[in-house]
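If you want the building blocks of each chain, they are given just below.
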Amino acid sequence: MIYLTSVNTMHTDEQAALLEQHLADIAAGDKQALAQLYEATSSAVFGFALSILKNPHSAEDVLQDCFVRIFRSAASYQPAGKPMAWILTITRNLCLQVLRKDGATADLPQEEWEAFVGTRDDLSVEERVLLESCLKLLSADERQVLMLHAVAGYKHREIARQLAMPLATVLSKYHRAVKKLKTHIGKESDK
């Protein structure tokens with residue numbers, strides 16, 4: 001939960017305005033703005049792709065393809081205060097293309113989740129251990145709904161529309177995931 005909170009701070013109005021400025025600069029051909037956008041959003045894009053694909057190599061490919069697509073499509077972005085929603089929609093669409101091409105997802109081995117967590121410089125050792133143990137608890141659907149809400153800032157209705165699920169199912173999965181994480185974190189703090 002600590003990880004999700006730290007990533008979620010990126011969604012302030014000021015950060016959204018900065019991301020929109022980067023997109024406008026990219027539309028004007030500024031490659032430096034693309035690098036800045038990548039730096040600000042690549043962890044969220046990779047994490048979201050990984051939660052869908054469950055394969056770090058495919059998630060890395062989607063990450064790169066996403067930023068190529070952003071570079072090509074930045075001029076079509078309509079500023080609406082939700083640049084991460086636009087970026088993660090591109091990510092989701094690319095992931096769906098990969099899934100259609102590959103036909104299915106595979107389980108992500110624990111050591112690959114641990115490798116992903118190990119790439120995060122802003123996490124302490126304790127936070128990494130807590131995140132790793134929390135990730136084991138959630139189903140793929142729960143992880144995806146939680147990341148879309150906590151990381152990407154989507155509202156539950158938007159998630160339901162994006163994932164083609166009833167709103168009640170999205171709410172149930174989100175609340176179940178949060179409850180699992182709170183229970184687990186409570187047990188960890190009692191140790």
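Residues numbered from 1 in each chain as written. Predicted model: local features only at pLDDT ≥ 70, side-chain atom pairs only at ≥ 80, totals over all residues. Heavy atoms only, no water.

**A word on the overall build of the protein chain**
Okay, step 1: In terms of regular secondary structure, the protein chain is built from 10 helices and 0 strands.
Okay, step 2: N-terminal to C-terminal, the α/β element order of the protein chain is α-α-α-α-α-α-α-α-α-α.
Okay, step 3: Long-range pairs, those at least 24 residues apart, make up 67% of the contacts in the protein chain between residues at least 6 apart in sequence.
Okay, step 4: Per element, the accessible surface of the protein chain, about 10100 Å² overall, is 52% carbon and sulfur. (Helix = DSSP H or I, 4+ residues; strand = E, 2+ residues; numbered from the N terminus. Contact = heavy atoms within 4.5 Å. Areas by Shrake-Rupley, 256 points an atom, 1.4 Å probe, with all protein chains shown as cover.)

**Topic: the confidence of the model for the protein chain**
Okay, step 1: Across the protein chain, the average pLDDT comes to 77, with 72% of residues at 70 or higher.
Okay, step 2: At the level of individual helices and strands, the protein chain shows its lowest average pLDDT in helix 1 (residues 2-8), which scores 37, and its highest in helix 4 (residues 56-73), which scores 93. (pLDDT = per-residue confidence, 0-100.)

**Some remarks on the pattern of salt bridges**
Okay, step 1: As enumerated under the stated definition, the model contains 3 salt bridges in all.
Okay, step 2: Lys 173 is the partner of Asp 141 in a salt bridge, and the nearest nitrogen-oxygen pair spans 3.5 Å. Highlighted residues: Asp 141 in helix 8 (residues 140-150) and Lys 173 in helix 10 (residues 167-190), separated in sequence by 32 residues.
Okay, step 3: Arg 176 serves as the salt-bridge partner of Glu 142, at 3.6 Å between the closest nitrogen and oxygen. Here the residue Glu 142 occupies a position in helix 8, and Arg 176 occupies one in helix 10, the gap between them amounting to 34 residues.
Okay, step 4: Assessed through its relative accessible area of 2%, Glu 142 is described here as buried.
Okay, step 5: Judged by relative accessible area, Arg 176 falls into the partly exposed class, the value being 39%.
Okay, step 6: Salt bridges sharing partners connect three or more residues here, namely Glu 142, Arg 176 and Lys 180. (Salt bridge = Lys/Arg side-chain N within 4 Å of Asp/Glu carboxyl O. Buried < 20%, exposed > 50% of the residue type's maximum accessible area, 1.4 Å probe, protein only.)

**Let's talk about the packing of helix 2 (residues 13-27) against helix 3 (residues 31-53)**
Okay, step 1: Where helix 2 meets helix 3, the axes come as close as 8 Å, and the angle between the chain directions of the two elements is 145°. Note on packing geometry: the crossing formed by helix 2 with helix 3 is left-handed. In this structure, helix 2 uses Leu 19, His 22, Leu 23, Asp 25 and Ile 26 to contact helix 3, whose residues at the interface are Ala 33, Leu 34, Gln 36, Leu 37, Ala 40 and Thr 41.
Okay, step 2: Residues of the contact of helix 2 with helix 3, tallied by class, amount to 7 nonpolar, 3 polar and 1 charged. (Axes fitted to C-alpha atoms, helices over the stretch in contact; angles between N-to-C directions. Left-handed = near helix turned anticlockwise from the far one by under 90°. Nonpolar A, V, L, I, M, F, W, Y, C, P; charged D, E, K, R; others polar.)

**Comments concerning helix 3**
Okay, step 1: Taking 1.5 Å per residue, 23 residues should reach 33 Å; helix 3 reaches only 28 Å between its end C-alpha atoms and comes up short.
Okay, step 2: The principal kink in helix 3, of about 55°, is found at Thr 41.
Okay, step 3: Once helix 3 ends, the next one or two residues include Lys 54, with phi positive near 60°. (Expected span 1.5 Å × (residues − 1). Bend = angle between axes of the 7 residues up to and from the residue.)

**Re the packing of aromatic side chains**
Okay, step 1: Here the structure, examined in full by the defined rule, presents 2 aromatic pairs.
Okay, step 2: With centroids separated by 4.9 Å and ring planes inclined at 65°, the aromatic side chains of Tyr 38 and Phe 67 adopt a geometry described as edge-to-face. Residue Tyr 38 is located in helix 3, and its partner Phe 67 is located in helix 4; the two are separated by 29 residues in the primary sequence. (Phe/Tyr/Trp six-rings, centres within 6.5 Å; stacked < 30°, edge-to-face > 60°.)

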